Structures are given as structure tokens and as C-alpha cells.
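# Survey of secondary and tertiary structure
If you want the building blocks of each chain, they are given just below.
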Amino acid sequence: MLTADSRSEIDRYRHPLRSLFSTSLTLKGGTRLFQPGSRSDQLFLVIDGFVLTTRRSNKHQRLVDIRLAGELVDPLSALVQQEQSGLETVGKTTVATIRKDQLQGLMEDDPTLTIKLWRESEILAARYRQWFAKLTMARAMERLGYFLCDLLHRLRLVDKVSRDSFSFPLTRAQTAQLCALSEVHLCRCIADLHEAGVIHWRARRIRILDEPRLCRLGRWQTSGEFIENRLMTVTEPSIADP
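Residues numbered from 1 in each chain as written. Predicted model: local features only at pLDDT ≥ 70, side-chain atom pairs only at ≥ 80, totals over all residues. Heavy atoms only, no water.

## Looking at unusual backbone geometry
The condition is simple: Secondary structure elements follow DSSP: runs of H or I of four or more residues count as helices, runs of E of two or more count as strands, with numbering from the N terminus. Note on classification: 1.4 Å probe, protein chains only; a residue is buried when its accessible area is under 20% of the maximum for its type, exposed when over 50%, partly exposed between these limits.
One non-glycine residue, Ala-180, lies in positive phi territory at about 55°. Along the chain, Ala-180 turns up in the loop between helix H5 (172-178) and helix H6 (183-195). For Arg-219, which is not glycine, the phi torsion reads 50° and is therefore positive. Checked against the element boundaries, Arg-219 lands in the segment after helix H7 (211-218). According to the relative accessible area criterion, Arg-219 is exposed, its value standing at 60%.

This is how it looks when you write it as C-alpha cells:
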């Protein structure tokens, strides 16, 4: 069942699909919800913590994204039959769940739910396109700067940032894989940002000391990013041009 604390958190995020979820799970770090390529019978909403998504490539699993508090995990899988990304928690994580067959019944009764899920999927796809463009065209420091700005703005939307500081339990190896860098190259970039007084990254917590400079390094422009049009608002947003 969904606990009172979990319901309070979901309501605070103001997600348009928040009323659908009636069950929550609190999981320890390293819990695999399921393997990549499998088909899940549930849709997940992250209440607190971090969920890594993975895909299988040449018999190896690769990290492709990280889902944060207030975000749906792979919403398109609730609309079309497709192989699901693998999911693994990082640190203590709480997720809300709904069975997809139950969701299908609700969508038949209320077609606006289908529209909301499609829009959430489209916004997520727009973010993927922006990020993959960075991975293929940007240098290492720009990738890391963009990645940190993305985290900062997404976590701010759900009040998970305190004094420009936020929890980040991923290892250097996991972060390097998400940024398509070697761990050595990532550590050099982090050291350079430390030395320049841009960030302070210690003990699984990141503090942004010079946000304007970090945004310039990552070529992050808030007004032009999808983040301003997330579905986690009461109003009906437009979808940002990727």
C-alpha cells in the first residue's frame, strides 16, 4: 500500500498522473527491479532516490539514463508493447507502482490519461535527443557540465536541492558511463572543476559553487531546455523544441 508519507511526496510533486498510484516500495541500493529486454507488468514513479536505466548492447549492459524523484520510468512502455529498460536503484529509493493492465482500464475510461502519458514520453524523448547530441558532439567538460546542470534543475523542481547542494550516490564509474567518458577522464574533469571553484563533490554530495560558470561550461540555457516544460506542473505545458 501507499504510505501516508509517500502519498504526501507524490502530491507535493504535482505530477498529473499522481492519483493513479496506490502502492509504494522502499528498496535498498543496488536492487534490480528487472533486467533489460524483459517486459514489466508495472509502471514506476520515483518518489525518492535514484533509478538507473540500462540497455543491453552486445551482451553487455550499459547505463543510459538516471530517473529522479517525481519522474516516471519508461512511460512509453505503458502505451506500446516494447522491451523495457533494465532498472536498478542507487541508494535507498522509494517508488510508487501501478499495474499496466489496471492503467489500461483507467485509460479506456479517461482518454486524457493516454494523452498525458504520450506527452510525458515525448518530453523524455526530447531530453534524450539533447543529451545524445552532447554525447556525440561535445567535449568531456561540456558533457559533465551539462549533466550536472541537468541534475540540478530537475532536482530543484521537486525541492531536492538545499543551498545549491544535492545528494548524488552514483559512483564515479557509473557517472563516467552515463557521460560516455573513461573514469580517469571524468576524475580529471571533476578535479578541474574543484580547482576552478565551480563545484565541491565529496562523500556522495555535490555542491554547485558557481552555477553561471557551470552553465556556460555545459552550454546549458535554462529557457531553451525541456526542463521548463516538464509535466510536473499544474498547468498544461507546451513541449519544448529539442
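## Some points on the side chain of Asp-150
Heads up, the condition is: Between N or O atoms, a polar contact is any pair within 3.5 Å; within protein, one atom must be a potential hydrogen donor and the other a potential acceptor, and residues adjacent in sequence are included only when both atoms are from side chains.
Within the secondary structure, Asp-150 sits in helix H4 (residues 140-157). A relative accessible area of 5% means that Asp-150 is categorised as buried. Polar contacts involving the side chain of Asp-150 include one to the side chain of Arg-154, which spans 2.8 Å.

## Quick look at the pattern of salt bridges
Here is the rule: A pairing counts as a salt bridge when a side-chain nitrogen of Lys or Arg comes within 4 Å of a carboxyl oxygen of Asp or Glu.
For the structure on display, the rule yields 13 salt bridges. Residue Glu-71 is joined to Arg-154 by a salt bridge in which the shortest nitrogen-to-oxygen separation is 2.7 Å. Taken together, the residues Glu-71 in the loop between strand E4 (60-67) and strand E5 (72-73) and Arg-154 in helix H4 connect sequence positions 83 residues apart. In this structure, Glu-71 and Arg-154 share a single accessibility class: buried. In this structure, Arg-99 and Asp-101 form a salt bridge, with 3.3 Å as the shortest nitrogen-oxygen distance. With a relative accessible area of 41%, Arg-99 lands in the partly exposed category.

## Some thoughts on the environment of Thr-136
Looking at where Thr-136 falls in the secondary structure, it is placed in helix H3 (residues 112-137). It is 9.1 Å that separates the C-alpha atoms of Thr-136 and Ala-180, two residues lying 44 residues apart in sequence.

## A look at the pairing of strand E9 (residues 205-208)
To keep things clear, this is the line we draw: When DSSP finds two or more bridges between two strands, those strands count as paired.
With burial as the criterion, only one face of E9 is covered, namely that bearing Ile-206 and Ile-208; the residues Arg-205 and Arg-207 on the opposite face remain uncovered. In this structure, strand E7 (residues 165-167) lies alongside E9, joined through 3 bridges in antiparallel fashion. For Phe-166, the partnering residue across the bridge sits in E9 and is Ile-206. Sheet analysis places strand E8 (residues 199-202) next to E9, joined by 4 bridges and oriented antiparallel. Each bridged residue has a counterpart across the sheet, and for His-200 the counterpart in E9 is Arg-207. Where E8 folds back onto E9 in an antiparallel hairpin, the turn is made up of 2 residues, including Ala-203, whose phi is positive at roughly 50°.

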